[in-house]
Amino acid sequence: MKETTKDVLIRALKTFWQAAVAYLLADVTVLQSALTDLSAGKRMLLTLGVGAVAAGLSAVYNGIVRPGLEAACHGGK
C-alpha cells in the first residue's frame with residue numbers, strides 16, 4: 001500500500017472516531033438508552049455507520065478525486 005493511501009485511510013479513521021466520540025458525548029442520554037435498549041442501540045449504530053460512510057467519502061475525495069482533478073487542471077504537473 002502506498003504511503004499516501006495509508007495516510008488517507010488513517011485520516012478517515014481519525015475523522016470517524018472524532019465524529020463518533022463527539023456524537024456520543026453530545027447526547028449522553030442516547031448512549032445510556034443504547035446500552036439498555038436494543039432498538040436504540042441499532043439506531044445509534046446506524047448513525048455511527050452514516051458517519052463512517054461520510055469519513056470514507058471524504059477520504060476518497062481527498063485522496064483520489066481532488067488529486068486527479070488538480071493533475072488534470074495543471075496538465076499532470
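Analysis parameters
- Residues numbered from 1 in each chain as written.
- Predicted model: local features only at pLDDT ≥ 70, side-chain atom pairs only at ≥ 80, totals over all residues.
- Heavy atoms only, no water.
- Salt bridge = Lys/Arg side-chain N within 4 Å of Asp/Glu carboxyl O.
- Helix = DSSP H or I, 4+ residues; strand = E, 2+ residues; numbered from the N terminus.
- Buried < 20%, exposed > 50% of the residue type's maximum accessible area, 1.4 Å probe, protein only.
- Core = buried A, V, L, I, M, F, W, Y, C linked by side-chain atoms within 4.5 Å.
- Contact = heavy atoms within 4.5 Å.
- Axes fitted to C-alpha atoms, helices over the stretch in contact; angles between N-to-C directions.
- Parallel < 35°, antiparallel > 145°, perpendicular 65-115°, else oblique.
- Left-handed = near helix turned anticlockwise from the far one by under 90°.
- Nonpolar A, V, L, I, M, F, W, Y, C, P; charged D, E, K, R; others polar.

1. Quick word on the pattern of salt bridges
Item 1. Here the structure, examined in full by the defined rule, presents two salt bridges.
Item 2. A salt bridge links arginine 11 to aspartate 7; its shortest N-O distance comes to 3.1 Å. Placement of both arginine 11 and aspartate 7 in helix α1 (residues 3-26) is noted, with a separation of four residues, approximately one turn of the helix.
Item 3. You can call arginine 11 exposed: its relative accessible area is 55%.

2. As for the environment of serine 33
Item 1. Position of serine 33 among the secondary structure elements: in helix α2 (residues 28-36).
Item 2. On the accessibility criterion, serine 33 (28% relative accessible area) is partly exposed.
Item 3. Placed 24 residues apart in sequence, serine 33 and leucine 9 show a C-alpha to C-alpha distance of 31 Å.

3. Examining the nonpolar core
Item 1. With six residues, the main nonpolar core is built from Phe16, Ala20, Ala34, Met44, Leu48 and Ala55.
Item 2. Taken together, the elements giving at least two residues each to this core come down to α1 and α3 (38-73).
Item 3. The element contributing the most residues to this core is α3, with three residues.
Item 4. Excluding residues within four positions of it along the chain, methionine 44 makes contact with Tyr23, Leu24, Leu31 and Ala34.

4. Overview of the packing of α2 against α3
Item 1. Contact pair α2 / α3: the axes reach a minimum separation of 6 Å and the direction vectors enclose 125°. As far as their axial angle goes, α3 and α2 are oblique. Judged by the twist between their axes, the crossing of α2 over α3 is left-handed. For the pair α2 and α3, the contacting residues are Leu31, Ser33, Ala34 and Thr36 in the first and Leu38, Ala40, Gly41 and Met44 in the second.
Item 2. Tallied by class, the residues present in the contact of α2 with α3 amount to five nonpolar, three polar and no charged.

Note that all results are geometric; they support no functional claim without further evidence.
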